Amino acid sequence: MPSAGPNGEVSATIHQVNQDGAGPYKFEVSPSGEGGDWVEMTVQQNVPGRFLGLSRAVATPFPVEATIPAGTECTGGADGQTCVIRAKNRAPAGPFGSCFAVTQNQDTAQRVVKRMGIHSNWLIRKVGGITVESFTKV
């Protein structure tokens with residue numbers, strides 16, 4: 001499972017499929033993992049885009065970075081330390097985006113990666129048309 005950095009940093013790659021999948025994206029975290037308690041995250045690097053999530057880019061990956069607010073405690077999942085992250089744009093035909101889980105427990109993240117036999121430092125998930133690549137320290 002992807003893990004948030006020690007200061008709540010989350011890195012991902014959003015794959016923009018067509019013109020209305022552009023940014024900027026809003027990132028939110030659900031500390032319970034249930035989706036009813038969304039809290040806005042600070043975005044350091046975003047998907048480029050103009051008014052209402054439109055651009056001329058197609059089939060293009062964009063790295064993004066956002067931070068879970070200080071003091072946020074993830075309480076969901078089997079480890080009791082998992083949050084759900086939601087990223088979405090403001091396209092009129094959308095919004096477009098996706099959700100993915102991250103753990104705040106660095107040890108759990110490392111064990112899952114090792115158990116799955118993943119030797120890379122990147123976990124890749126495809127959800128809808130978006131590829132989420134989350135860095136995990138191994």
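**Q** Give me the side chain of Thr-103: which residues, what numbers.
**A** Mapped onto the elements of the fold, Thr-103 is located in strand E7 (residues 97-103). In this structure the side chain of Thr-103 is engaged in a polar contact, spanning 2.6 Å, whose partner is the side chain of Asp-79. At 3.0 Å, the side chain of Thr-103 forms a polar contact with the backbone nitrogen of Asn-105.

**Q** Help me get a handle on the state of the cysteines, residues and values and all.
**A** A complete count under the given rule lists one disulfide for this structure. A disulfide bridge connects Cys-74 with Cys-83, and the sulfur atoms are separated by 1.7 Å. Residues Cys-74 and Cys-83 are joined by a disulfide whose S-S torsion is about -100°; by sign, that bridge is left-handed. Across the pair, exposure class does not vary: Cys-74 and Cys-83 are buried alike.

Definitions and cut-offs
Residues numbered from 1 in each chain as written. Predicted model: local features only at pLDDT ≥ 70, side-chain atom pairs only at ≥ 80, totals over all residues. Heavy atoms only, no water. Helix = DSSP H or I, 4+ residues; strand = E, 2+ residues; numbered from the N terminus. Polar contact = N/O pair within 3.5 Å; in protein donor to acceptor, adjacent residues only side chain to side chain. Disulfide = S-S within 2.5 Å. Buried < 20%, exposed > 50% of the residue type's maximum accessible area, 1.4 Å probe, protein only.

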